[in-house]
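Spelled out from the first residue to the last, the chains are:
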Amino acid sequence: MKWADFANCIILASPTHLQCDHYTMFRVGTALKPRVSISHRDGALVIHIKRHNQWKFAIWLLFWFTVAFLFFCSVFLKGLFRIHSATDSLYVLPFLAFIFVWYAMALRIGLWRAFGVEELLVENGRLHWERIAWKWHRRLEANLSDISDVEAKTPWHALANRVIFTCRGRTYTVGDMLLQDEANEIAEELARAAGLHERSLR
């Protein structure tokens, strides 16, 4: 990052310029880029979120996480086969369990960052939300009247910009590492479609 860009970001982040340029401020691999498309078709609202800008980097991390996972498994499994006491094996099993849980979490996050796309369709008073990451699918269908709250979460570091909505008492997260304007726009569109503004006026 150039010194001029850094100086501009500091100025923009001052109390009189609270809207810091996140596109300039963070250049981790590649800067955050637009990934959201919003359209209105025949009375339906369609929101499409493309996969992460850094999907190639995520695949590279997945590769090295897998290498590390296999290495640690080989180390602990060799030690486990040399143990002849059930009591001694209890000292090794917690470490193996930790490695498997750690890798499962890394695999889930890595696959989502590498391949994850989302699409929200709002029509006829219903929300159809689908998340796809390679072979992993997650779907949600609900009445718009079941949505009680929609909020854009935009922390200062801009690396976790997302939209959170509450439906039937459960909280769901839409998007990840979105641009601030995109997160705000999605939240506004969902809130308007769910009629939250009208409900608050009653």
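Residues numbered from 1 in each chain as written. Predicted model: local features only at pLDDT ≥ 70, side-chain atom pairs only at ≥ 80, totals over all residues. Heavy atoms only, no water.

Caption draft 1: Region of interest: the packing of aromatic side chains. Tallied over the entire structure, the rule returns 10 aromatic pairs. Both rings, one in Trp129 and one in Tyr172, keep their centres 6.0 Å apart while their planes meet at 90°; by these two values the pair is edge-to-face. In this pair, Trp129 is assigned in strand β4 (residues 126-133) and Tyr172 in strand β8 (residues 170-174), connecting sequence segments 43 residues apart. Among the residues examined, Trp129 registers a relative accessible area of 3% and is labelled buried. On the basis of relative accessibility, which here comes to 7%, the residue Tyr172 falls in the buried class. The interplanar angle of 25° and the centroid separation of 5.4 Å between the aromatic rings of Phe165 and Tyr172 together place this pair among those described as stacked. For Phe165, a relative accessible area of 1% corresponds to the buried category. Counting every residue linked through ring pairs, the aromatic cluster contains Trp60, Phe63 and Trp64. (Phe/Tyr/Trp six-rings, centres within 6.5 Å; stacked < 30°, edge-to-face > 60°. Helix = DSSP H or I, 4+ residues; strand = E, 2+ residues; numbered from the N terminus. Buried < 20%, exposed > 50% of the residue type's maximum accessible area, 1.4 Å probe, protein only.)

Caption draft 2: Structural detail: the confidence of the model for the protein chain. This prediction gives the protein chain a mean pLDDT of 78; 79% of its residues lie at or above 70. For residues 1-30, every residue scores under 50 in pLDDT, and the model assigns this stretch 34 contacts once sequence neighbours within four places are set aside. (pLDDT = per-residue confidence, 0-100. Contact = heavy atoms within 4.5 Å.)

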